[in-house]
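Listed below are the residues making up each chain.
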Amino acid sequence: MAPDFLRQSLREHLEWWEFKHFSSDREYFAWQRQQFSSEDLKQLALHAERKRTGDCRDEIAFYDLAAHPKICPVLYSQRYEYYEEIGVRTMAHLGQAKDVLDFGCGIGVLTIFYACLFPEKNFIGVDRSSASIAVAQERADKLGLHNLRFECVDVEAEPLSGSYDFVVATHALVQSEQDRGLPSQSWRTFERGRHLSQQLSFEERTGLAVRLDGLCQVLNSSGRMIVCEKTRQLARRVPLQRALANRGLQLAERPALIRYRTVEEVVDDGPFYVLSRGGEATLNWDEEPEQDQGPRFNPDAVSMSAGDVNVPLYENHWPSAQAAWEGLKDRQVIRETTRQAPDGRQVHAERGSSREQHYLYCANTFDQRQLVIVEEARSATIDEYYQEILRGLT
Ligand SMILES: C[S@@+](CC[C@H](N)C(=O)[O-])C[C@H]1O[C@@H](n2cnc3c(N)ncnc32)[C@H](O)[C@@H]1O
């Protein structure tokens, strides 16, 4: 199916759900104010906060509320471009599948879309929010779909049944958005250690282990799986990838980075993984930081970039600052401080010189890097900045 046809069909489907596409916060929130009472807004904020800080009951309560017919179109309209991005990509891979499980399907927006477009395949959507499943089933019934059913199951409490040659799990496996993930081995590197206990701890506290094990149990030995979670930070991407690899899942194609807007906010999501089981692994897992937007660094031409005296000669707040720092010529450390937390996390600040220039470098075990280079005459600003950072560390 041509991508344009898919996208157009998906838009019509989202319209059928009464979702609207907004690209202006002002217009979206004006519409939200028309649809929601102040009590609705209060309840939503309360449930969102409980979901963020509470346990699985709070999370289920949030999704139950979100499925309410009054709330659902307004709330999920924020995810309009998310649905487009994930829906079109997933559809492109469903071709060979016969029995498809959509795990954590929510109200079934995409599951129903897939089932409409592929009447010859069987779909099942599973979620632990009973209100979401009720909405999904009601919507599927309205369309008279016979190749789709929904089940209310909490995979953490009971095993999934059946056997599938295709499993889809989008925004359903790594539910703890606040979890910082796995720190690097030290501030000097982006590499993660191979301590099993750290990996297991990540999988347990995010709920990944039990969910992924549940899915692997029902995936055929030659089945395929699509996974897309909010794991763009390396600290979350690495343990997710290791969890997939440890369960015998391999990359069937190069993971794709996902970008869409939630109304005005640009969201960098994914990666979008297409995984297979069995056969030879042909692609390696990438544990390096993504290519970033840090300015290119040429150690022989730093002074050439001098123009405005208020602007540093070079400034990079991205992981690529590390390569620039490593490339500094005749680097001399003048002062440095490294703080280490009891759990091994580190933060390092360094003030030094490189030939006739002065620099400040900061790095931590969550892949944050910062390099600022100034000319000698402005080295006092670097000292002040260094002191400021030290005060922030205490
Ligand atoms: C962020 S929503 C994603 C919905 C849908 N997959 C999508 O991409 O729009 C996550 C869903 O996963 C469900 N979920 C989380 N943990 C689950 C579990 N242990 N068993 C079943 N469903 C679960 C939640 O109830 C929620 O509806």
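Before going into details, it helps to say that this report is about the structure given with it. These numbers were taken from a predicted model, which means no experiment stands behind them.

## What to know about the overall build of the chain
Right, on to step 1. Secondary structure summary: the chain contains 13 helices and 13 strands in total.
Right, on to step 2. Principal axes of the C-alpha set define a box for the chain whose edges measure 75 × 55 × 45 Å.
Right, on to step 3. Expressed as a percentage of the 394 residues in the chain, the buried residues total 50%.
Right, on to step 4. Considering only contacts in the chain between residues 6 or more positions apart, those separated by 24 or more positions represent 73%.
Right, on to step 5. Per element, the accessible surface of the chain, about 19400 Å² overall, is 47% carbon and sulfur.
Right, on to step 6. Within the chain, the 60 negative side-chain charges are centred at a point lying 1 Å from the centre of the 47 positive side-chain charges.

## Some words on the sheet that holds strand β10 (residues 331-340)
Right, on to step 1. Within the open sheet, the five strands sit side by side as β9-β13-β12-β11-β10. Their pairing is antiparallel. What marks the edges here is a single partner per strand, and that holds for β9 (314-316) and β10. Pairwise comparison of adjacent strand axes, ignoring direction, gives a mean angle of 10° for this sheet.
Right, on to step 2. The pairing of β9 with strand β13 (residues 369-375) spans three bridges and is classified as antiparallel. Considered in β13, the bridge of Glu-315 is made with Val-372.

## Quick look at the pairing of strand β5 (residues 219-228)
Right, on to step 1. In terms of strand pairing, strand β4 (residues 164-170) meets β5 through six bridges, oriented parallel. Within β5, the residue paired with Thr-170 across the bridge is Cys-228.
Right, on to step 2. Direction of pairing for β5 relative to strand β8 (residues 265-277): antiparallel, over a ladder of five bridges. Bridging across to β8, Arg-224 finds its partner in Ser-276.

## Comments concerning the site of the ligand
Right, on to step 1. Close to the ligand lie 19 residues; Tyr-82, Gly-104, Asp-127, Asp-154 and Thr-170 are nearest.
Right, on to step 2. Tyr-82 is positioned with one of its side-chain polar atoms (N or O) 2.5 Å from an oxygen atom of the ligand.
Right, on to step 3. At a separation of 3.2 Å, a nitrogen atom of the ligand approaches a polar backbone atom of Val-155.
Right, on to step 4. Protein burial of the ligand: of its 600 Å² of free accessible surface, 94% is covered by the chains.
Right, on to step 5. Only α4 (56-66) and α6 (80-91) provide two or more residues apiece to the shell around the ligand.
Right, on to step 6. Looking at side-chain class alone, the shell around the ligand contains seven nonpolar, five polar and seven charged residues.

## Description of the state of the cysteines
Right, on to step 1. Counting across every chain of the model gives zero disulfides.
Right, on to step 2. Cys-152 supplies the cysteine sulfur nearest to Cys-56, a cysteine that is in no disulfide, at a spacing of 12 Å.
Right, on to step 3. The class of Cys-56 is partly exposed, set by a relative accessible area of 33%.
Right, on to step 4. Cys-72 takes part in no disulfide bond, and the closest cysteine sulfur to it belongs to Cys-105, at a distance of 13 Å.
Right, on to step 5. You can call Cys-72 buried: its relative accessible area is 5%.

## Details of the packing of aromatic side chains
Right, on to step 1. In total, this model carries 17 aromatic pairs according to the counting rule given.
Right, on to step 2. Here Tyr-28 and Phe-29 contribute two aromatic rings whose centre-to-centre distance is 5.0 Å and whose plane-to-plane angle is 75°, an arrangement assigned as edge-to-face.
Right, on to step 3. Overall, Tyr-28 belongs to the buried group, its relative accessible area being 0%.
Right, on to step 4. A network of ring pairs unites the aromatic residues Trp-16, Trp-17, Phe-19, Tyr-76, Tyr-82, Tyr-83 and Tyr-260 as a single cluster.
Right, on to step 5. Positioned above the aromatic ring of Trp-16 is the side chain of Arg-139, whose terminal nitrogen or guanidinium carbon lies 4.5 Å from the ring centre.

## Brief notes about the pattern of salt bridges
Right, on to step 1. All told, the structure shown has 29 salt bridges when counted by the stated rule.
Right, on to step 2. Arg-128 is the salt-bridge partner of Asp-154, the closest N and O atoms lying 3.4 Å from each other. Placement of the pair is Asp-154 in the loop between β3 (148-152) and β4 and Arg-128 in the loop between β2 (122-127) and α8 (130-142), with a sequence separation of 26 residues. For the pair Asp-154 and Arg-128, a shared accessibility class is recorded, and that class is buried.
Right, on to step 3. Between Arg-192 and Asp-367 there is a salt bridge, and its shortest N-O distance comes to 2.9 Å. With Arg-192 in the loop between β4 and α9 (196-206) and Asp-367 in the loop between β12 (357-364) and β13, the pair connects residues that are 175 residues apart, well separated along the chain. Residues Arg-192 and Asp-367 agree in their burial class; the two are buried.
Right, on to step 4. When salt bridges with common partners are traced through the structure, they connect Glu-59, Arg-128, Asp-154, Glu-156 and Arg-211 into a single cluster.

Conventions used here
- Residues numbered from 1 in each chain as written.
- Predicted model: local features only at pLDDT ≥ 70, side-chain atom pairs only at ≥ 80, totals over all residues.
- Heavy atoms only, no water.
- Helix = DSSP H or I, 4+ residues; strand = E, 2+ residues; numbered from the N terminus.
- Buried < 20%, exposed > 50% of the residue type's maximum accessible area, 1.4 Å probe, protein only.
- Contact = heavy atoms within 4.5 Å.
- Areas by Shrake-Rupley, 256 points an atom, 1.4 Å probe, with all protein chains shown as cover.
- Lys, Arg positive; Asp, Glu negative; His and termini not counted.
- Charge placed at Lys NZ, Arg CZ, Asp CG, Glu CD.
- Pairing = 2+ DSSP bridges.
- Axes fitted to C-alpha atoms, helices over the stretch in contact; angles between N-to-C directions.
- Near = heavy atom within 4 Å.
- Polar contact = N/O pair within 3.5 Å; in protein donor to acceptor, adjacent residues only side chain to side chain.
- Nonpolar A, V, L, I, M, F, W, Y, C, P; charged D, E, K, R; others polar.
- Disulfide = S-S within 2.5 Å.
- Phe/Tyr/Trp six-rings, centres within 6.5 Å; stacked < 30°, edge-to-face > 60°.
- Lys NZ or Arg CZ within 6 Å of the ring centre and 35° of its normal.
- Salt bridge = Lys/Arg side-chain N within 4 Å of Asp/Glu carboxyl O.

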